[in-house]
Amino acid sequence: MAISLTTELDAINTMLSIIGEAPVNSVEDTGVVDAVIARQILHETMRQVQATGWHWNTDHGVTLAPTFPLPGDVYVPANTLQVDATDPTIDVVQRGNRLWDKGRQTFKFSSPVIVNITRLLPFEEIPQAARHYIMVRAGRIFQDRVVGSETLSGFNDRDEARAYAQLRNAEAETGDYNVLTGSYAVRRIMDRRPGRLVF
């Protein structure tokens, strides 16, 4: 039998096994209360972890065009967790499913806005290291909420720390971060000029 990446069903069944429950055959509502709770916690954890913004779920330089007639609304994709304009002179935030220009206090834009978008991806579209960390973290939360055993929680805390370290290592490898081409925060520090404060 071929070994495959962790699926959402695998994650739910692992979470169920933590509290000694039998596995289920489907991720859909099976009528098994613990399975339904496990899936809800898995999705909650996916949103929380992905909102951090990783190399694998953040797209840079995405052009979002306003609707016609101009000026029009600029809508963001439905799976947007975070959005930020690449132009530092434009201060936009996501409100609902549209961009809000904080400087001009309006939803209306006369030209496209280029942004960096952090997206919420389905479980099967994220890297294995992220799947594993989300499964372990969700399993710890699930066990704490359903059973509340300190002994099991302590063991799972160690698992979660190891899984997070693996995820950070994978992120560093795939993100190709270094002081010259690293994150925006690193580039801001490297760009400092004498007598100029950068926050």
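Residues numbered from 1 in each chain as written. Predicted model: local features only at pLDDT ≥ 70, side-chain atom pairs only at ≥ 80, totals over all residues. Heavy atoms only, no water.

In the nomenclature of an unreviewed UniProt entry, the protein is known as Phage tail protein of Chelatococcus sambhunathii.

Once that is clear, we can look at the sheet that holds strand β7 (residues 113–119). The three strands are arranged β1-β7-β3 in an open sheet whose pairing can be described as antiparallel. Each edge of the open sheet is held by one strand with a lone partner, namely β1 (58–64) and β3 (80–85). Strand-to-strand, the axes of this sheet are offset by a mean angle of 35°, without reference to chain direction. As defined by bridge partners, β1 adjoins β7 across five bridges and the pair is classed as antiparallel. Bridge pairing in β7 links T58 to T118. (Pairing = 2+ DSSP bridges. Helix = DSSP H or I, 4+ residues; strand = E, 2+ residues; numbered from the N terminus. Axes fitted to C-alpha atoms, helices over the stretch in contact; angles between N-to-C directions.)

Relative to strand β5 (residues 98–101), strand β4 (residues 92–95) runs antiparallel, the two sharing four bridges. Of the residues in β5, the one forming a bridge with V92 is D101. In textbook terms, the turn of a hairpin is the stretch between consecutive antiparallel strands, and for β4 and β5 this stretch comprises two residues, one of which, G96, has a positive phi near 65°.

Relative to the assigned elements, V115 resides in strand β7. Sequence spacing of V115 and A85 is 30 residues, and the spatial spacing of their C-alpha atoms is 4.1 Å. Beyond its immediate chain neighbours, meaning those up to four positions away, V115 contacts D59, H60, G61, V62, L64, V83, D84, A85, T86 and L99. (Contact = heavy atoms within 4.5 Å.)

Once that is clear, we can look at helix α2 (residues 33–50). With 18 residues, α2 extends 26 Å between its outermost C-alpha atoms, agreeing within 8% with the 26 Å of an ideal straight helix rising 1.5 Å per residue. Along α2, the positions that sit buried rather than exposed are D34, A35, A38, I41, L42, T45, M46, V49 and Q50. Take α2 and look down its axis: the buried residues cluster within an arc of 150°, on one side only. α2 presents V33 and Q40 as exposed residues on the side facing more than 90 degrees away from its buried surface. (Expected span 1.5 Å × (residues − 1). Buried < 20%, exposed > 50% of the residue type's maximum accessible area, 1.4 Å probe, protein only. Arc of directions from axis to C-beta.)

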